[in-house]
Amino acid sequence: MTLAESPLDYHPLLARTRTVHRPVGPVAYDCVKVIVARDASAILFSEFGQKPVKAGDVILLAPNTLCGSEPEGHITVTTVYLDPDYVLDQVRWQYVGLIQDRLDAQDFADTIYTEPAQILRLGEDRAGMLMPWLDELVNLSVDGR
């Protein structure tokens, strides 16, 4: 799937919330995906095999990483789609004292994020603190801003 066909539709950042009731076959996007499980649970299958995810978990997927899921009844998620160049620019500016240019930013990101698919178990309380910001990102995305 190319960036033109991806959910980004030429935006560096796009957020969507949805509830999934049926299995989703493995699909890969050419963007970074940050998926926050908001409610319920699912079995996620990706390069790490099959793993259960539940509310409070955050899934980080590198570009071109196959991932599918099978909800246990249903699961509600907010997905943030990020253009890889946008992510590298953010890494570069966050570590401006350590990184000289975009190539250094790519090497630095490759060192930090060695796994193409990761599950971060924040817990419902900590993830709950993110929800107002995620909701605002979704609202801005829907409005095209």
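This write-up is about the structure you can find in this document. (Residues numbered from 1 in each chain as written. Predicted model: local features only at pLDDT ≥ 70, side-chain atom pairs only at ≥ 80, totals over all residues. Heavy atoms only, no water.)

Let's shift gears to a nonpolar patch on the surface. A grouping of Leu120, Leu122, Leu130 and Trp133 is seen on the molecular surface, where their side chains present a nonpolar patch of about 380 Å² in accessible area. A relative accessible area of 34% means that leucine 122 is categorised as partly exposed. (Patch = residues over 30% accessible without salt bridge, like charges linked within 9 Å, V, L, I, M, F, W, Y side chains within 5 Å. Areas by Shrake-Rupley, 256 points an atom, 1.4 Å probe, with all protein chains shown as cover. Salt bridge = Lys/Arg side-chain N within 4 Å of Asp/Glu carboxyl O. Buried < 20%, exposed > 50% of the residue type's maximum accessible area, 1.4 Å probe, protein only.)

Right, let's talk about the packing of aromatic side chains for a bit. Scanning the entire structure with this criterion turns up 2 aromatic pairs. Note on tyrosine 95 and phenylalanine 108: the rings are 4.7 Å apart at their centroids and 55° apart in plane angle, and the pair reads as tilted. Of this pair, tyrosine 95 sits in the loop between helix 1 (84–94) and helix 2 (102–112) while phenylalanine 108 sits in helix 2, placing them 13 residues apart in sequence. Taking the ring centre of tryptophan 93 as reference, the NZ or CZ of arginine 92 above it sits at 5.1 Å. (Phe/Tyr/Trp six-rings, centres within 6.5 Å; stacked < 30°, edge-to-face > 60°. Helix = DSSP H or I, 4+ residues; strand = E, 2+ residues; numbered from the N terminus. Lys NZ or Arg CZ within 6 Å of the ring centre and 35° of its normal.)

As a further point, take the nonpolar core. Taken as a class, soluble globular proteins show a tendency for nonpolar side chains to be buried jointly. Membership of the largest hydrophobic core is limited to 12 residues, which are Val20, Ile35, Ala37, Ala42, Leu44, Val53, Ile59, Leu61, Cys67, Ile75, Val77 and Ala117. Elements that contribute at least two residues to this core include exactly strand 3 (32–46), strand 5 (57–61) and strand 6 (67–82). For this core, the element with the highest residue contribution is strand 3, accounting for 4 residues. Not counting the four nearest positions on each side in its chain, leucine 44 is found in contact with Gly49, Gln50, Lys51, Val53, Ile59, Cys67, Gly68, Ser69 and Ile119. Judged by nonpolar contacts, the second largest core, of 11 residues, contains Ala15, Val32, Val80 and Ala127. (Core = buried A, V, L, I, M, F, W, Y, C linked by side-chain atoms within 4.5 Å. Contact = heavy atoms within 4.5 Å.)

So, about the pairing of strand 3. Where strand 3 meets strand 6, 12 bridges bridge the pair, whose relative direction is antiparallel. Looking at strand 6, one finds that alanine 40 is bridged to isoleucine 75. Here 4 bridges tie strand 3 to strand 5, and the two strands are oriented antiparallel to one another. Within strand 5, the position partnered with isoleucine 35 by the bridge is isoleucine 59. Pairing analysis gives 6 bridges linking strand 3 to strand 4 (residues 49–54), with the strands arranged antiparallel. The partner of isoleucine 43 across the bridge, within strand 4, is proline 52. Counted along the chain from strand 3 to the antiparallel partner strand 4, the turn is 2 residues long. (Pairing = 2+ DSSP bridges.)

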